[in-house]
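Breakdown of the fold
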Amino acid sequence: MKGILHFFSLCWNRRRLYIVFLFVNQIIKIAISFVMLFFPKIILDTVFVYSDFQKSILCIILFSVLILLLNYLNHLIVCISSGERMNVFHSFQVDLANSMMSSKLEKIENKEFLDLRSEAELYLYGGGKGFASILEDSFDVATMFISLFMYGWVISSLNYIILAALIFITVASVILNYFYQSKYVKINLEKASQERRNAYYVNMFQDFSYGKEIKTYDLRKWLLTKYEAQLRKMMEFYKKLYQNEMVYSICSTTLLCIQQLISYWYVINMAISGKLSVGTFSLFLSAITLFTSTIKSIINQVISVKKYTVYYKSYKKYYDNTDIFSEGKVSIENIDGKGIIIKFQNVSFKYPFNEQFSLENINLTITNGDRIVIVGKNGAGKSTFIKLLLRIYKPTEGIITLNGINIENINYKDYLKLFSTVFQDYKLFPQSIIENISFDSVNETKVNNILKKIGLYEKISGLNNGLKTDIYKIFDENGYTPSEGEAQKIAFARALFKESCILILDEPSSSLDPKSEFDMYNLCEKVTEDKICIFISHRLAISSLSNRILVFRNGCIVEEGDHASLMCKRGIYYDMYKMQSKYYINSEK
């Protein structure tokens, strides 16, 4: 019941007309049932009992007109209702997308959370029946109960024993259906996580970003083998569903035959003995058939709606775990980039469902003028450190403060204005170049100046649509597909456009040629004057830009200092620097 009320509330708050049209549609359905049940009796009795052919023709015309009008009206309401439902669906999709983008990234990256989302979608999209099907099914059940009362009243006027026999057989059929649906729900919930894996392979085959690896490594056979193995797992679930369906169909068909035999035998005997007119015979036969099918439909729908209760539990658990990050209330609009002091105080972090810390006991102060280079092996905790600083992750232990204020309490939009970031796995969107750099703050002059600084102006201005050219060919066949180096420059331009007082660059030169790398370092020196700049890099040549170097290992800062002091220590940084220097010297020889 909670699942139904939740959906009712969801739709009522977004589009009340949808609920109103659902009510109207049910009233029309009841009217159609009434006309279909009683008018054939009137027509037949007018012909065979009263022999009034003129009146019978008028009844037939009236019956046809009523059915035609009611069905036209029903189709019209269904069309309007479907449109309103789509409006609700679109509104809900926007809210869902906003919820996902506002969720903590450590949850979205977690396998258990993703499996839970797949199960929650069974509730949202009716296990394949479509959005809001739980609500429409519930309305149908209410209408069926009214129709059932009407059919039962007609049958009871004939014989209460027949009514009781029909109910008994129907209840037996319902119990059978209950076990069938319970098993169906259980199999579907188990299947949900496998469907997510199946969808991953389908999406990967269509994603051009995987194309280079698939072709150059000739991965078709390898990937198809894995995909076929995944399909075999899916087939096991479908076999269980088919077997469950077959057992239920055989048993339910047997019960239906018994029910039909009893009903027809009794009504035909009454007709032969002259106790029923032709019209009344037709009325009772229709009432018995419709009573049986309606009570069965009700119980099927009730069981179907009940399975949404199981789906709703997964949905609620999913949303309870969505864990939207705190927007914060403290405003820092007056901070102009000077006098910034960021402190990590005993900060540790571990991912949900993980026992081991990815970052542990970090104590660090960052102030204006700091140019920090973070180095360390893959998995040392470098990127996790940056994600904590940006509030993408929330510390498991300890706090991070900005000028003495816990960053979790600071208005999130105000806080983000402090940072311009280029991640190692940056993303460009299939939108125009200018939108990729400035998003909704379009300023062509400013964008062109930045492109000149990073050496992309001539390339972009030479495109047919210039800055308005789409990146990639996903939405426009005339789109521009940048090289890796060009793409990284566009991501860097995006960071420069924002003009924040803290610049974070994660492997900023990984896709650049030596000259572009040299030019980028020089540009970084100019734009980061009196600002905080944080680099994550495996190329230690960038240490020449820094006044502080942090060496990460196993989630901890194991060394800290400038280049000269760390070289004197002859520790981890010294070994890393010597190895890279040796490589460059040997390559020159």
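An account of the accompanying structure is given in this report. For every chain, the first residue of the written sequence is number 1, and numbering continues from 1 onward in sequence order. Local features are withheld for residues below a pLDDT of 70 in this predicted model, meaning they are given only at 70 or higher, and side-chain atom pairs are given and counted only at 80 or more; totals for whole chains, interfaces and linings count all residues. Hydrogens are left out, water is left out, and the side-chain values use all remaining heavy atoms of the structure.

**A short note on the pairing of strand β3 (residues 371–376)**
Note on exposure labels: buried denotes an accessible area under 20% of the residue type's maximum, exposed denotes more than 50%, and partly exposed covers the range between, all computed with a 1.4 Å probe on protein chains only. Secondary structure is summarised from DSSP: a helix means a run of H or I of at least four residues, a strand means a run of E of at least two, and numbering begins at the N terminus for each. The buried fraction of β3 amounts to six of the six residues, a majority that puts the element mostly inside the structure. Across the two faces of β3 the burial is the same, with R371, V373 and V375 and I372, I374 and G376 all buried. Only strands that DSSP links by at least two bridges are regarded as paired with each other. Examined bridge by bridge, β3 and strand β8 (residues 532–536) share four bridges and lie parallel to one another. Each residue of the ladder has a partner; that of V373, found in β8, is F535. Sheet topology note: the β3/strand β9 (residues 548–553) ladder contains five bridges and is parallel. For G376, the partnering residue across the bridge sits in β9 and is F552.

**Overview of a nonpolar patch on the surface**
Only residues whose relative accessible area exceeds 30% and that form no salt bridge enter a patch; like-charged residues are grouped when within 9 Å of one another, and nonpolar side chains (Val, Leu, Ile, Met, Phe, Trp, Tyr) when within 5 Å. Each accessible area is a Shrake-Rupley estimate made with a 1.4 Å probe; only the visible protein chains count as cover when residues are assessed. For salt bridges, the criterion is a side-chain nitrogen of Lys or Arg within 4 Å of an Asp or Glu carboxyl oxygen. Residues F8, W12, L17, V20, F23 and V24 make up a contiguous nonpolar surface patch of roughly 480 Å² in combined accessible area. Of all the elements, helix α2 (residues 16–48) adds the most residues to the nonpolar patch, at four residues. We classify V20 as partly exposed; its relative accessible area is 38%.

**What about the environment of E525?**
One can find E525 in helix α17 (residues 514–527). Its relative accessible area of 37% is what places E525 among the partly exposed residues.

**Description of the environment of F552**
Assignment of secondary structure puts F552 in strand β9. Given a relative accessible area of 2%, F552 falls into the buried group. Distance from F552 to Y573, taken between C-alpha atoms, is 9.8 Å for residues 21 residues apart in sequence. In contact with F552, other than residues within four places in its own chain, are L359, I362, I374, V375, G376, K377, A380, G381, K382, F385, I557 and V558. Residues count as neighbours in contact if any of their non-hydrogen atoms are within 4.5 Å of one another.

**Some words on the packing of α2 against helix α6 (residues 133–156)**
At a minimum axis distance of 10 Å, the contact between α2 and α6 shows a crossing angle of 25°. Comparing their axes, α6 and α2 come out roughly parallel. Between α2 and α6 lies a crossing whose hand is right-handed. Residue-level inspection shows Y18, I19, L22, F23, Q26, K29, I30, S33, F34, L37 and F38 of α2 in contact with α6, the latter providing L135, E136, F139, D140, T143, I146, S147, M150, Y151, W153 and V154. Nonpolar residues are Ala, Val, Leu, Ile, Met, Phe, Trp, Tyr, Cys and Pro. Charged residues are Asp, Glu, Lys and Arg, and all others, Gly as well, are polar. Class assignment for the residues of the contact of α2 with α6 results in 15 nonpolar, four polar and three charged. Under this scheme, a helix contributes an axis fitted over its contacting stretch, all axes are lines through C-alpha atoms, and angles between N-to-C directions fall in the 0 to 180 degree range. With respect to orientation, any angle under 35 degrees is reported as roughly parallel, any angle over 145 as roughly antiparallel, any angle of 65 to 115 as roughly perpendicular, and every other angle as oblique. Crossing handedness: left-handed means the near helix sits turned counterclockwise from the far one by under a right angle, and right-handed means the same turn made clockwise.

**Examining the sheet that holds strand β2 (residues 359–367)**
What the four strands build is an open sheet, ordered β2-β1-β4-β5; its pairing is antiparallel. In this open sheet, the two strands that pair with only one neighbour each are β2 and β5 (405–406). In this sheet, β5 lies alongside strand β4 (residues 397–402) in antiparallel orientation, the contact comprising two bridges. Opposite L402, over in β5, you have I405 as the bridge partner. On top of the sheet, helix α11 (residues 382–389) reaches β1 (341–349), β2 and β4; it is set at about 120° to β1, its chief contact.

**Some words on the packing of aromatic side chains**
Planes of paired rings set the category: under 30 degrees apart is stacked, over 60 is edge-to-face and the rest tilted, where pairs are Phe, Tyr or Trp rings (Trp by its six-membered ring) whose centres lie within 6.5 Å. Under the counting rule described, the total for this entry stands at ten aromatic pairs. Taking 4.7 Å as the distance between ring centres and 10° as the angle between the ring planes, the aromatic pair formed by F349 and Y393 counts as stacked. With a gap of 44 residues between them, F349 in strand β1 and Y393 in the loop between α11 and β4 connect regions that are remote in the sequence. The same class applies to F349 and to Y393, which are both buried. Counting every residue linked through ring pairs, the aromatic cluster contains F344, F385 and F552. The aromatic ring of Y457 is capped on one face by K452, whose charged end is 4.9 Å from the ring centroid. Note on geometry: a ring has a charge over it if NZ (lysine) or CZ (arginine) is within 6 Å of the ring centre and within 35 degrees of the ring normal.

**A short note on helix α16 (residues 484–498)**
End to end, α16 covers 22 Å across 15 residues, agreeing with the expected 21 Å (1.5 Å per residue, within 8%). The element α16 is largely enclosed, with a buried count of 13 among its 15 residues. Under the convention used throughout, the expected extent of a helix is 1.5 Å for every residue step, that is, one less than its residue count.

**Points about α11**
Of all eight residues in α11, seven are buried; the element is thus mostly enclosed. Within α11 the residues assigned to the buried category are K382, T384, F385, I386, K387, L388 and L389. In the stretch just after α11, R391 is the one whose phi turns positive, near 65°.

**Points about unusual backbone geometry**
The phi torsion at N346 lies on the positive side, around 50°, for a residue other than glycine. If you check the backbone angles, N403 has positive phi at about 50° while not being a glycine. By the element assignment, N403 lies in the loop between β4 and β5.

**Quick word on the packing of helix α14 (residues 444–454) against α16**
Axis separation between α14 and α16 bottoms out at 10 Å; the angle between their running directions is 130°. Overall, the two elements α14 and α16 adopt an arrangement that is oblique. As for how α14 packs across α16, the hand of that crossing is right-handed. Residue-level contacts link K446, V447, I450 and I454 of α14 to K489, F492, A493, L496 and F497 of α16. The residue makeup of the contact of α14 with α16, split by class, is seven nonpolar, no polar and two charged.

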